[in-house]
Structures are given as structure tokens and as C-alpha cells.
Amino acid sequence: METEPAPTSSTLALLGLRCPRCHEGELFLHPATSLTKFTEMPAACPVCGLSYEPEPGFYFGAMYISFAFAVAIFFAVGIALYFLAGDPDTWVYVSVVAALTLAATPLVFRYSRAIMLYLFGNSGYDPNWARFLRRGLDK
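The sections below set out a description of the structure shown in this document.

**A word on the overall build of the protein chain**
A tally of regular secondary structure across the protein chain gives four helices and zero strands. Counted from the first residue to the last, the protein chain has its helices and strands arranged as α-α-α-α. For the protein chain, with 139 residues in total, the buried portion stands at 33%. For the protein chain, restricting intrachain contacts to residue pairs at least 6 apart in sequence, the fraction spanning at least 24 positions comes to 59%. Put simply, the protein chain shows about 9000 Å² of open surface, and 66% of that area lies on carbon and sulfur atoms.

Quick look at the structure:
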């Protein structure tokens, strides 16, 4: 069975929510559409064994990243409504921003954690891990 090679680009692996070390293991156990389980992460990468929580409370910093995502959503929606809807009433701004923020919560949560792990998890991409693991799968 032919497996797709891991992306060598950390950006592509981050967008695919893959392990920062091997770029193959998934960061989350369930799809983002599973509204009751979208937050569940394995303790370690199922492929290379990298710990997804390097220290207790590691992901508290992800709150700052999710705040930046929320501000970007507020700003983009505000500008879009102002120019595309002709500066509607305040309740329209509040309703649309609230609805889009709520709808984007699973993605914001996941990408905030992934960015935190990629930036501060002290593990960069190691192509030898991917090659070593693929060699082991071929046997």
C-alpha cells in the first residue's frame, strides 16, 4: 500500500494539523465538525511519539493566539459589512460577528493550539523521522 509522503513544508503540515516533528501524525482525534469532541488531542503523536503537551499548562498561551484570530474576524467582518452592506445598524454587526465567531470556534481552537505547538513546542521538523518511519512501514 502506497502512503502519501509527509509534507516537508512546516506551513503545509501546520495547515493540515499534523505533528511538528514528523509531519505525519494528526494533532486531533476527531474532525472539527464533531462539536462535542473537537478539542480532544492524543497525549503524543501516534507516529513518532512526540509529546503534544510539553509541560503542564502549555496551551494557556494559545488563548493569546485565539484572541488575535477573534480580533481579525471582528475587523474583517466589520470592514466587509461596512463596505458591502452599506454600514448597517449596530445589531447587524453584533449578530454577524457573533455568529461567525461561534461558527469558527472549532477551527480557531485547533489552529491556535497548533501554532502554539509549532512555535513553542521545542521540536522542529526532522526529515529523518519521516524517512525512518516510512522505512519501518514498508517492512
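**As for helix 3 (residues 90-120)**
In this model, helix 3 (31 residues) spans only 39 Å end to end at C-alpha, well below the 45 Å of a helix rising 1.5 Å per residue. Most pronounced at Thr105, the bend in helix 3 amounts to some 55°, and the proline Pro106 follows within four residues. Of all the positions in helix 3, only Val92, Tyr93, Val97, Ala104, Pro106, Val108, Arg110, Ser112, Ala114, Met116, Leu117 and Tyr118 are classed as buried. Tucked into the core, helix 3 has its buried residues touching helix 1 (10-15) and helix 2 (62-84). Where helix 3 terminates, the next one or two residues include Asn122, which has phi positive at roughly 55°.

**Digging into the state of the cysteines**
Applying the stated criterion to the full structure yields zero disulfides. Free of any disulfide, Cys22 has its nearest cysteine sulfur in Cys45, 3.7 Å distant.

**A word on the nonpolar core**
Counting 20 residues, the largest nonpolar core has Cys19, Leu27, Cys45, Tyr52 and Tyr59 as the members making the most contacts within it. Looking at this core, the elements that each hand over two or more residues are helix 1, helix 2 and helix 3. No other element matches helix 3, which puts four residues into this core. Excluding anything up to four places from it in sequence, Tyr59 contacts Met41, Tyr52, Glu53, Arg113, Met116 and Leu117. In terms of nonpolar packing, the next biggest core, distinct from the first, is built from eight residues, Leu81, Val97, Ala104 and Val108 among them.

**Here we look at unusual backbone geometry**
Of note in the backbone geometry, His23 takes a positive phi value of approximately 60° without being a glycine. Here His23 is to be found in the loop between helix 1 and helix 2. The phi angle at Asp87 is positive, at roughly 50°, despite the residue not being glycine. Here Asp87 shows up in the loop between helix 2 and helix 3. What makes Asp87 partly exposed here is its relative accessible area of 43%.

Reading the values: rules and limits
Here the residue numbers are simple positions, counted from 1 along each chain's written sequence. Under the rules for a predicted model, residues below a pLDDT of 70 receive no local features and side-chain atom pairs below 80 are neither given nor counted, while totals for whole chains, interfaces and linings still include all residues. Just so you know, side-chain values use all the structure's heavy atoms and leave hydrogens and water out. Helix and strand assignments come from DSSP, with helices taken as H or I runs of at least 4 residues and strands as E runs of at least 2, each series counted from the N terminus. Only protein chains enter the area calculation, which uses a 1.4 Å probe; residues under 20% of their type maximum are buried, those over 50% are exposed, and those in between are partly exposed. Any pair of residues with heavy atoms lying within 4.5 Å of one another is described as a contacting pair. In these tables, accessible area is a Shrake-Rupley quantity obtained with a 1.4 Å probe, and a residue counts as shielded only by the protein chains included in the view. Multiplying one less than the number of residues by 1.5 Å gives the expected span of a helix. What we call the bend at a residue is the angle made by axes fitted to the seven residues finishing there and the seven residues starting there. Any pair of cysteine sulfurs within 2.5 Å is marked as a disulfide. Put simply, a nonpolar core is a bunch of buried Ala, Val, Leu, Ile, Met, Phe, Trp, Tyr and Cys residues held in one set by side-chain atoms that sit within 4.5 Å of each other.

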